[in-house]
Amino acid sequence: MTDVTNGVLHTLFHSDQGGHEQVVLCQDRATGLKAVIAIHSTALGPALGGTRFYPYASEEEAVADALNLSRGMSYKNAMAGLDHGGGKAVIIGDPEKIKTEQLLLAYGRFVASLSGRYVTACDVGTYVADMDVVAQECRWTTGRSPEKGGAGDSSVLTAYGVYQGMRASAQHLWGDPSLRARRIGIAGVGKVGRHLVEHLVAERAEVFVTDVREEAVRRITERHRDVLAVKDTDELIRVDGLDIYAPCALGGALDDVSVPALTARIVCGAANNQLAHPGVEKDIADHGILYAPDYVVNAGGVIQVADELHGFDFERCKAKAAKIYDTTLAIFARAKEDGIPPAAAADRIAEQRMAEARRH
């Protein structure tokens, strides 16, 4: 008998990372589809979260990722004030090699078989065009193109929400939400980061950027001559007098090396899973740095895709994303009241909302 003591079944049934309502393993041999759909919670409503298409090293790694991501979506959706629980799906394989229309249609049929318990959207490796295909088989699909009744690219409102989180952080720390003349460093100026630059430039902030792709940086600096480019993230976090650091690329940006090196007083960015490991949130607080929890401030995108289910209205979504300002301030107030880091305070508020929903 296989030893699964430290495997995904143990995670699912016995660990703090588990507690999921349902995990579905999907296979369609004709198209090569192998997928995992993880529903963490439907306490607040149908589970909502994207579909990740990624060449995992093993099936076990894929299941573990789906479990972690879906749990994170429960917290994100709760803090965004959405009537949705958390879910996530992963398709195993290299999308450059195996993604086909038939595979996506097969995947759509699996999502449809859940009868609305899980609503899907885009994530790493999947795009608006892919969701248009999935939607042919599944009406519980968001992140579609405007031509197909969707909202299209969600990065605009994601960036807007991060901007509101920055304003709230400034209000909490300095008593003024204005970012004028503040030195702000952005690591990653892709879809979300470049929109964030626009908000900060409009406020006359002093903006520094870096990205592993030179063309992404060049596109920003050619458009905005006052934006300064730095070599890499290591240099960015050490910029003298930096006020705010915005990780907007990969996760794990805040670790045992980067936190002590940070010159910024505030960390507020769009990247998911910024805390490299448990305990980093306390190290950040101990260094006198204010951390705006990532899943709170980057919720503009999920607010947008959730709105598709009700007939997308951009202004309605923008008004809801603007409330990220108030939510962020409430988290800082709760953290101060309870004597805990903001990340822990956000978790408590989200867990409280889910627990109250289960009782009704």
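Each chain has its residues counted from 1, following the order in which its sequence is written. Where local features are concerned, this predicted model is filtered to residues with pLDDT of at least 70; where side-chain atom pairs are given and counted, the filter is 80 or more; whole-chain, interface and lining totals use all residues. As a convention, hydrogens and water are excluded, and side-chain values are obtained from all of the structure's heavy atoms.

Undergrad: Explain the side chain of E203 to me, please; I cannot follow it from the model alone.
TA: Its location among the elements puts E203 in the loop between α7 (191-202) and β8 (206-210). Each residue is assigned to one of three classes by its accessible area relative to the maximum for its type, calculated with a 1.4 Å probe on protein chains only: buried under 20%, partly exposed between the two thresholds, exposed over 50%. Just so you know, the count uses Lys and Arg for positive and Asp and Glu for negative, and it drops His and the chain ends. Each reported salt bridge corresponds to a side-chain nitrogen of Lys or Arg within 4 Å of a carboxyl oxygen of Asp or Glu. Although E203 is buried, it forms no salt bridge, and the closest oppositely charged side chain is R167 at an N-O distance of 4.3 Å. Polar side-chain contacts of E203 include one of 2.6 Å to the side chain of Y163. In contact with E203, other than residues within four places in its own chain, are Y163, R167, S178, L179 and R180. Strands here are runs of E lasting at least two residues and helices are runs of H or I lasting at least four, both read from the DSSP assignment and numbered beginning at the N terminus. Within 3.5 Å is the distance limit for a polar contact, defined as a pair of N or O atoms, with the added protein rule that one can donate a hydrogen and the other accept it, and that residues adjacent in sequence qualify only through two side-chain atoms. Contacts were defined at the residue level, with two residues in contact if any of their heavy atoms lie within 4.5 Å.

Undergrad: I keep staring at the state of the cysteines and nothing clicks. Help me out?
TA: Defined simply, a disulfide is a covalent bond joining two cysteines at their sulfur atoms. Criterion for a disulfide: a pair of cysteine sulfur atoms at a distance within 2.5 Å. Taken as a whole and judged by the stated rule, the model has zero disulfides. C26 takes part in no disulfide bond, and the closest cysteine sulfur to it belongs to C138, at a distance of 11 Å.

Undergrad: Is there a simple way to explain the packing of aromatic side chains in this structure?
TA: In this description, an aromatic ring pair is defined by two values, namely the gap between the centres and the angle between the planes. Two rings from Phe, Tyr or Trp (for Trp, the six-membered ring) form a pair when their centres are within 6.5 Å of each other. A pair whose planes differ by under 30 degrees is stacked, one over 60 is edge-to-face, and the rest are tilted. On inspection of all chains with the given rule, the structure shows three aromatic pairs. With 5.1 Å between their ring centres and 70° between their planes, Y54 and Y56 make a pair best called edge-to-face. On the basis of relative accessibility, which here comes to 10%, the residue Y56 falls in the buried class. Both rings, one in Y75 and one in Y295, keep their centres 6.2 Å apart while their planes meet at 70°; by these two values the pair is edge-to-face. In this pair, Y75 is assigned in helix α2 (residues 59-79) and Y295 in helix α12 (residues 294-297), connecting sequence segments 220 residues apart. Assessed through its relative accessible area of 13%, Y295 is described here as buried. Distance and angle both matter: a charge sits over a ring if NZ of Lys or CZ of Arg is within 6 Å of the ring centre and within 35 degrees of the ring normal. The ring of W174 has R182 lying over it, and the distance from NZ or CZ to the ring centre is 3.8 Å.

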